[in-house]
Amino acid sequence: MSQFDIIHKDAAGRIGKLTTPHGVVETPTVMPVINPNIQTIKPSEMKDFGAEILITNSYIIYRKDELREKALKDGLHALLDYDGPIMTDSGSFQLSVYGEVEVTNQEIINFQQKIGTDIGVPLDIPTHPDVTYEKAKEDMDITIERLKEARGLVKEGGMLLAGPVQGATYKDLREDCARELSDVGFDVYPFGAVVPLMEAYRYSDLVDVIASAKKGLDPVAPVHLFGAGHPMMFALAVALGCDLFDSAAYALYAKDRRYITSRGTYHIDKLKYLPCSCPVCMAHTAEELKKAHNCTELLARHNLYVTFEEMREVKQAIWEGNLLELVEQRCRSHPRMLEALKQMTNYSSWLEECDPSSKSTFFYCGPESAKRPEVLRFTKQLERLTIKGSVLIRPYPTKKDKEYDNVMVFKAPFGSYPQDLAEVYPFNAEVVRTPDYESLETAFLNTIKLIELNPEATYTFLMRESFVHPLVEKLSKMDNVTVVPPKSE
Ligand code: GUN
Ligand code: ZN
């Protein structure tokens, strides 16, 4: 098992330290993909952008005599002229594109070991989404066999070995696969075959794949999201527990004249202004960049800068404990990302188990905040509250507070909680003063649950003009509840 030390957490995201033969890598991070044949940006320069680990393809090296001989003679690090950690992929991606490769699992694993890779990958089968269940299971079983074979070939202590989780879009297969691989024991767990999902903007399916596979793994195992390099989805994937990413996107997008930002992608020919402050964007106007003879290289550089910038933003958010706020903001850049955010709320119960119980102030960012793990945690904890006597539930302090045995604060999206907790996380949340439908829904449902759990007490509920929701009527019909309508505010 690899040495992976988690030093900070937020939701299922974490800052970790992964030890490899060529040094320690701080995660989450993105591995720039290096093409062993052509390099517009040299591997030795990658550290200047913030890279801590690179990824290249051992099959491309293996296939080409000149590269293979040099790698076998001088090692992978000399071949790329890079002394930090390097991960190598097998020929699996070529397998998924061309249908076959001229190498066996055993050959490519031995080759990766011989050239001194830091993290090696067996020849897994990236199963396309939407194949039949039977086909996905068949591919997955072959993948598991090959991974077990690889585990037998690689002794612990040297090259780290990755165990890619497959299973297409079948949640139970992803979870089973992860669990089985976990029992064998790998150093890093890539989630495979997600590129077609991302290419088709199927981010909601991606959320299902990540959450299902994570459920089958030990929570402290390092996870790599294979082929994910667009910064727009880093916050979301990190919050779901992904630690490593790889970006060929910086170079591929540049080749298509595309300019990456954390909100999406622009075609360079449509840019009138350059919104970024990286060295490329500060040295050029949009017009100059379009016309530059080395436009592809300049775009690749800009793309790398913003990729690492976003990763630092994500890490800072974990550090501060506001990663979920960043996720909500980023997921508003594209409607398909918004679908993914909504899908993520279906996993709040799981996220709640991972989430630290106290962090920085909860900021309400929109309807999805009403389903955040912190809110769900309060719903689960309602059973622990025992309330007797007369209770005033009110949104703000009143002169009548003293007349009641208990005073509870009503604050959406949480609901009603004892006044003593008002300054305690997460009830010290910053919320909007005119709560939306979704946050009132959660808050009223929690309040009704609390009243039902404590039926002996009598409740006076001070309403506010802005608390417009059908559940107010349900509350007012409860025997032990008096709803006081709002005075005009
Ligand atoms: N690159 C992108 N997806 C995959 C995958 O599923 N497996 C491997 N080995 N490489 C990939
Ligand atoms: Zn830039």
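Residues numbered from 1 in each chain as written. Chains lettered and ligands numbered in written order. Predicted model: local features only at pLDDT ≥ 70, side-chain atom pairs only at ≥ 80, totals over all residues. Heavy atoms only, no water.

You'll find the protein chain entered in an unreviewed UniProt entry as tRNA-guanine(15) transglycosylase, with Methanolobus tindarius DSM 2278 given as the organism.

Quick notes on the environment of Ser247
Assignment of secondary structure puts Ser247 in strand 11 (residues 244–247). For the pair Ser247 and Pro485, spaced 238 residues apart in the sequence, the C-alpha separation amounts to 57 Å. One polar contact links the side chain of Ser247 to the main-chain amide nitrogen of Tyr250, over a distance of 3.2 Å. (Helix = DSSP H or I, 4+ residues; strand = E, 2+ residues; numbered from the N terminus. Polar contact = N/O pair within 3.5 Å; in protein donor to acceptor, adjacent residues only side chain to side chain.)

As for the environment of Phe378
Relative to the helices and strands, Phe378 is located in helix 19 (residues 373–381). Beyond its immediate chain neighbours, meaning those up to four positions away, Phe378 contacts Leu385, Phe414, Ser416, Tyr417, Phe427 and Asn446. (Contact = heavy atoms within 4.5 Å.)

Looking at the coordination of the zinc ion (ligand 2)
Protein-derived ligands of the zinc ion (ligand 2) are Cys276 (SG), Cys278 (SG), Cys281 (SG) and His302 (ND1), with the metal-ligand distances lying across 2.1 to 2.4 Å. The coordination sphere of the zinc ion (ligand 2) comprises 4 donor atoms, whose angles at the metal cover 101 to 118°; the geometry is tetrahedral. Here the donor residues for the zinc ion (ligand 2) map to a single chain with the spacing C-x1-C-x2-C-x20-H. Here the residue Cys276 occupies a position in the loop between strand 13 (264–267) and helix 13 (279–283), and His302 occupies one in helix 15 (residues 295–320), the gap between them amounting to 26 residues. Given a relative accessible area of 12%, Cys276 falls into the buried group. (Donors = N, O, S within 2.8 Å, 3.2 Å for Na, K, Ca; no water. Tetrahedral: all angles 85-135°; square planar, octahedral: opposite > 155°, others 65-115°. Buried < 20%, exposed > 50% of the residue type's maximum accessible area, 1.4 Å probe, protein only.)

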